[in-house]
Amino acid sequence: MMPTDVHAAASPYFSTPVTQFSSLRLLSDSQEKVSRGTTDFPCCAYICDFGRVAAGIYPMHWHNELQFTVTGQNSLSVQVNSETVVLSPGEGIFINSRAFHSIESATPGSGERLDIIFEPNLLYGTHQSVFYQKYVSPLLGCRSLPYVKLPADSDFGRDMLAQFHRAFLACQAQPFGFELETRDALSAALLLICRNFRQEILASAGSSDSREIRVRQMVNYIYKNYQKPLTLGQIAASASVSERECFRCFHEILNTTPVAFLKRHRVTAALALLEDSSNTISDVCYLSGFNTPSYFIKSFREFMHCTPAEYRSLLASGSRP
């Protein structure tokens with residue numbers, strides 16, 4: 001169930017229907033660097049409107065914060081690392097710190113989703129606390145648990161969603177004591193995760209995430225240089241690995257190849273550029289890193305099932321693919 005009156009005034013702790021980040025800015029850096037809330041209360045609840053994002057796509061990115069996302073009336077397709085999770089209306093997902101993720105609207109139209117994104121230290125205070133050492137640190141270090149789906153038809157999912165909405169409404173209404181209410185709800189949600197996934201968290205203690213680190217380095221290199229001609233060797237060299245290891249890293253962490261990831265990212269960049277009617281199709285082709293219009297159109301159709309010109313016509317008519 002969506003909270004009522006979700007379009008209340010924006011504040012450092014609650015954001016009305018705007019995108020969480022500039023798509024174009026994110027396209028040049030895989031780490032989302034946005035201040036959440038304030039230094040003394042690093043948490044913010046968001047209403048994110050897919051109608052304000054090119055093709056309803058939030059590109060692949062990562063951040064150090066923890067994230068809860070709950071769908072509105074539209075279904076969502078969420079990729080977390082190598083897995084894709086489809087969320088039906090009313091369902092949610094918890095995304096762990098530093099996990100790669102992208103979010104797309106899985107149904108036509110704009111639609112909204114609700115997010116709460118917060119720094120983990122909101123819940124534990126200092127690294128010396130029992131909260132960090134016994135609960136938060138093992139969860140953050142559990143690379144085998146990059147996400148937890150929150151289905152609406154299970155006791156666990158319903159309990160998690162109830163705590164999400166309690167935290168979201170506290171950030172929205174901000175009555176006296178809302179900071180304590182928000183932290184209490186998020187702590188309760190974290191406890192549910194730690195209890196229900198205790199074995200996975202304990203089994204993953206001390207595991208290495210070297211390939212994940214390398215993928216972050218290579219993806220960031222792609223994001224910063226996608227407009228230039230790029231070779232597999234250059235992408236691999238950005239993380240000081242061989243081309244074979246580059247393939248292994250992308251396959252294991254993102255379930256794709258470096259070349260396919262680069263092509264998809266260029267198409268995503270083209271979507272944002274096509275929103276600006278002053279850019280010709282040819283301009284968009286070269287600005288998004290494609291070297292020939294024919295290859296640009298072929299790649300665009302592969303992902304969007306229409307040509308760039310057809311996509312622009314849909315935008316002009318007020319529709320989106």
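The structure this text deals with has already been given above.
Here is a short report on the structure shown in this document. Position labels on residues start from 1 in each chain and follow its written sequence. Predicted model: local features are reported for residues with pLDDT of at least 70 only, side-chain atom pairs are reported and counted for 80 or more only, and whole-chain, interface and lining totals are derived from all residues. Side-chain measures here rest on the full set of heavy atoms in the structure, leaving out hydrogens and waters.

### Some points on the overall build of the protein
Okay, step 1: For the protein, the count of helices and strands is 13 helices and 10 strands.
Okay, step 2: A simple rule labels every residue: compare its accessible area, found with a 1.4 Å probe on the protein chains alone, to the largest value its type can have, and call it buried under 20%, exposed over 50%, or partly exposed in between. Evaluated residue by residue, the protein yields a buried proportion of 53% over its 321 residues.
Okay, step 3: Considering only intrachain contacts with a sequence separation of at least 6, the fraction spanning at least 24 residues in the protein is 72%.
Okay, step 4: Accessible area for the protein stands at about 14400 Å²; split by element, carbon and sulfur atoms hold 52% of it. Strands here are runs of E lasting at least two residues and helices are runs of H or I lasting at least four, both read from the DSSP assignment and numbered beginning at the N terminus. Two residues form a contact once any of their heavy atoms are found within 4.5 Å. Each accessible area value is a Shrake-Rupley result obtained with a 1.4 Å probe; residue values ignore everything except the protein chains displayed when judging cover.

### Describing the pairing of strand S4 (residues 66-71)
Okay, step 1: Taking burial as the measure, the six residues of S4 include six buried ones, the bulk of the element.
Okay, step 2: Burial along S4 is two-sided: Leu-66, Phe-68 and Val-70 and Gln-67, Thr-69 and Thr-71, pointing in opposite directions, are all buried.
Okay, step 3: By the convention used here, strands pair only if DSSP detects at least 2 bridges between them. Two elements, S4 and strand S9 (residues 112-118), share six bridges in a ladder whose sense is antiparallel. When the bridges of S9 are listed, Phe-68 appears paired with Ile-116.
Okay, step 4: As judged from the four bridges shared by S4 and strand S7 (residues 92-95), these two strands associate in the antiparallel manner. Bridge pairing in S7 links Thr-69 to Ile-93.

### Observations regarding the pattern of salt bridges
Okay, step 1: Think of a salt bridge as a Lys or Arg side-chain nitrogen and an Asp or Glu carboxyl oxygen that are within 4 Å of each other. One pass over the structure, following the stated rule, counts 14 salt bridges.
Okay, step 2: A salt bridge links Glu-212 to Arg-216; the nearest nitrogen and oxygen atoms lie 3.0 Å apart. Here Glu-212 pairs with Arg-216, and both are found in helix H7 (residues 210-225), just four residues apart, close to one helical turn. Each of the two residues, Glu-212 as well as Arg-216, counts as buried.

### Observations concerning the sheet that holds strand S8 (residues 101-105)
Okay, step 1: Spatially, four strands are ordered S3-S8-S5-S6 in an open sheet, and the strand pairing comes out antiparallel. Of all the strands in the sheet, the pair left with one neighbour each is strand S3 (57-61) and strand S6 (83-87). The mean inter-strand angle of the sheet, taken between neighbouring strand axes irrespective of direction, is 15°.
Okay, step 2: The pairing of S3 with S8 spans three bridges and is classified as antiparallel. Opposite Ile-57, over in S8, you have Glu-104 as the bridge partner. Angles shown run from 0 to 180 degrees and are taken between the N-to-C directions of axes, each axis being a line fitted to C-alpha atoms and, for helices, limited to the stretch in contact.

### Topic: the packing of aromatic side chains
Okay, step 1: Ring pairs shown here join Phe, Tyr and Trp side chains whose ring centres sit within 6.5 Å, with only the six-membered ring taken for Trp; geometry is labelled stacked below 30 degrees between planes, edge-to-face above 60, and tilted in between. Per the counting criterion, the structure on display carries 15 aromatic pairs.
Okay, step 2: Ring plane angle 70° and centroid distance 5.9 Å describe the contact between Phe-156 and Phe-197, whose orientation is recorded as edge-to-face. Here Phe-156, found in helix H4 (residues 155-173), pairs with Phe-197, found in the loop between helix H5 (178-196) and helix H6 (198-203); they are 41 residues apart in sequence, far enough to count as distant.
Okay, step 3: Both rings, one in Tyr-223 and one in Phe-261, keep their centres 6.1 Å apart while their planes meet at 15°; by these two values the pair is stacked.

### Comments concerning helix H12 (residues 293-304)
Okay, step 1: Helix span is expected to be 1.5 Å times the residue number reduced by one. Over its 12 residues, H12 extends 16 Å from the first C-alpha to the last, a length consistent with the 16 Å expected when each residue adds 1.5 Å.
Okay, step 2: All of the buried residues along H12 are Phe-296, Ser-299, Phe-300 and Met-304. Seen end-on, H12 carries its buried residues on one side only, within an arc spanning 110°. Of the residues in H12, the exposed ones pointing more than 90 degrees away from the buried face are Ser-294 and Lys-298.
Okay, step 3: Looking at the buried positions of H12, the neighbouring elements they touch are helix H10 (258-274), helix H11 (281-287) and helix H13 (308-316).
Okay, step 4: Remark: His-305 follows H12 within two positions and exhibits a positive phi of approximately 60°. This arc is taken over the directions from the axis of the helix to the C-beta atoms.

### Let's talk about helix H3 (residues 130-140)
Okay, step 1: Buried residues of H3: Tyr-132, Val-136, Leu-139 and Leu-140, and no others. Buried residues in H3, looked at end-on, bunch into an arc of 105°, giving them a common side. Those residues of H3 that are exposed and aimed more than 90 degrees away from the buried face are Gln-133 and Lys-134.
Okay, step 2: Contacts from the buried residues of H3 go to S4, S7, helix H2 (121-124), H5 and H6.

### Overview of unusual backbone geometry
Okay, step 1: Despite not being glycine, Gln-174 has its phi angle at roughly 50°, a positive value.
Okay, step 2: Mapping Gln-174 onto the fold places it in the loop between H4 and H5.
Okay, step 3: Given the relative accessible area of 28%, Gln-174 is considered partly exposed.
Okay, step 4: Here Asn-255, not a glycine, exhibits a phi torsion of approximately 55°, which is positive.
Okay, step 5: With respect to the helices, strands and loops of the structure, Asn-255 is situated in the loop between helix H9 (243-254) and H10.

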